[in-house]
Amino acid sequence: MTGTPLIEVENLRLDLDVGSSRVAAAEDVSFRIDRGETFGLVGESGCGKSITALALIGLLRPPLAIGGGVIRFEGKEIQHLSAARQRELRGNRIAMIFQEPMTALNPVSPVGRQIAEMFVLHKGKSWQEANRLAVEALASVRVPAPERRVKDYPHQLSGGMRQRVMIAIAMACGPDLLIADEPTTALDVTVQAEIIELMRNLCAERGTAILMISHDLGLVANVCRRVAVMYAGRIVEERRSADIFRAPSHPYTQGLVDSLPRLGSRAALGRGRLQEIAGVVPAITNFPEGCRFNPRCAQATEICRTVVPATDLLGAGGLVRCHHHA
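What you see is a predicted model; the values in this text were computed from it and never measured.

About the thresholds
Residues numbered from 1 in each chain as written. Predicted model: local features only at pLDDT ≥ 70, side-chain atom pairs only at ≥ 80, totals over all residues. Heavy atoms only, no water. Helix = DSSP H or I, 4+ residues; strand = E, 2+ residues; numbered from the N terminus. Pairing = 2+ DSSP bridges. UniProt positions renumbered as here; feature names shortened; annotations may be inferred. Axes fitted to C-alpha atoms, helices over the stretch in contact; angles between N-to-C directions. Parallel < 35°, antiparallel > 145°, perpendicular 65-115°, else oblique. Left-handed = near helix turned anticlockwise from the far one by under 90°. Contact = heavy atoms within 4.5 Å. Nonpolar A, V, L, I, M, F, W, Y, C, P; charged D, E, K, R; others polar.

1. A short note on the environment of Ala-204
- Tracing the backbone through its elements, the reader meets Ala-204 in helix 8 (residues 189-206).
- C-alpha of Ala-204 to C-alpha of Glu-37: the two residues are 167 residues apart in sequence and 9.4 Å apart in space.

Written as structure tokens, this is what we have:
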């Protein structure tokens, strides 16, 4: 990759105040996303994916705060912008699809008005014009009868329709970067595929880059060109999607790949058990010393329990944090 990336995160640290002490909820988080690129951030729940996304758009609130590092958008640092400047950027240049649309949408406002607000606040449109554009926005995300649906409240829509409304809001102003935080949570498989295809088509038409956040490595690898794997607040591997599946380097990534069902396998046919990663993600206040994955890793040795692994370069621009990846 050459040139200035659309967004670049360098050694980002996110701190959590716990009583009288402060702990790092995420640290040494670094990645870059180029214009028009699809980039995945994957890991189990509690690994720090969503708070990283909130940091990018200035939505972290106490007890969480940025404790260090740099976030650059088009080469300019944005981590310490004023609240007013962050609002100008958020929704207009960087947009986000939140994990649960039922809680992200305003329950007492028609969805059409919630879409129209984007055009009023960021594009200076009149409410009459914004309402017309809201109908077009719903039509662009394939909501049937958009002229009628703009008057509906969130509770009157299905989960798939609410997610389409969230996409319409996020894409309303033609953002340069779309952050999709678990955009297919609680949707059935058919609707998941429709939502992902819709996002990809819209972003391809408008040249929008995507940061896809998910716990589903299979989903992310099918959508994204590059994937970063996060565990316990640190990125442990970053590779091209094809390389992640063909030859994962970190034991955690290997565990995620092995846990995916495959067509024709005994587990997929209901006659066997899927592989699983033993144990659970540690609490933020109880991260282990050394490599944070060592309590769950079958390959762990004494160095893994005492020394934080350095980030090593792999072929084709990949990165891994593991003492034994070779």
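Now that the structure is up, let's keep going.
2. Examining the pairing of strand 2 (residues 21-33)
- Across nine bridges, the pairing between strand 1 (residues 7-18) and strand 2 is antiparallel. Note that in strand 2 the partner of Ile-7 across the bridge is Ile-33.
- What sits between strand 1 and strand 2 in their antiparallel hairpin is a turn of two residues, with Gly-19 showing a positive phi close to 65°.

3. Some details on the UniProt feature "domain: ABC transporter" (unreviewed entry) in the protein chain
- Under the feature "domain: ABC transporter" (unreviewed entry), the UniProt entry names residues 7-257.
- A helix fraction of 40% and a strand fraction of 28% characterise residues 7-257, whose end C-alpha atoms lie 28 Å from each other.

4. Quick notes on the packing of helix 4 (residues 111-123) against helix 7 (residues 159-171)
- Running from amino to carboxyl end, helix 4 crosses helix 7 at an angle of 20°, the nearest separation of the two axes being 8 Å. Relative to helix 7, the element helix 4 is oriented roughly parallel. The handedness of the crossing between helix 4 and helix 7 is right-handed. Residues Val-111, Gln-114, Ile-115 and Met-118 of helix 4 form the contact with helix 7, whose participating residues are Val-165, Ala-168 and Ile-169.
- The residue makeup of the contact of helix 4 with helix 7, split by class, is six nonpolar, one polar and no charged.

5. Focus on the sheet that holds strand 3 (residues 38-42)
- Read from one edge of the open sheet, eight strands run 6-7-8-3-9-10-12-11, paired in mixed fashion. Each edge of the open sheet carries a strand with a single partner, namely strand 6 (94-97) and strand 11 (311-313). For this sheet, the mean angle separating the axes of adjacent strands, direction not counted, is 20°.
- Bridge count for strand 10 (residues 234-240) against strand 12 (residues 319-321) is two bridges, and the pairing is antiparallel. Bridge pairing links Glu-238 to Leu-319 in strand 12.
- The sheet strands contacting helix 7 are strand 6 and strand 7 (177-181), and the helix crosses strand 6 at an angle near 175°.
- In the packing of helix 8 onto the sheet, contacts are made with strand 6, strand 7 and strand 8 (209-214), and the angle to strand 8 comes to roughly 160°.

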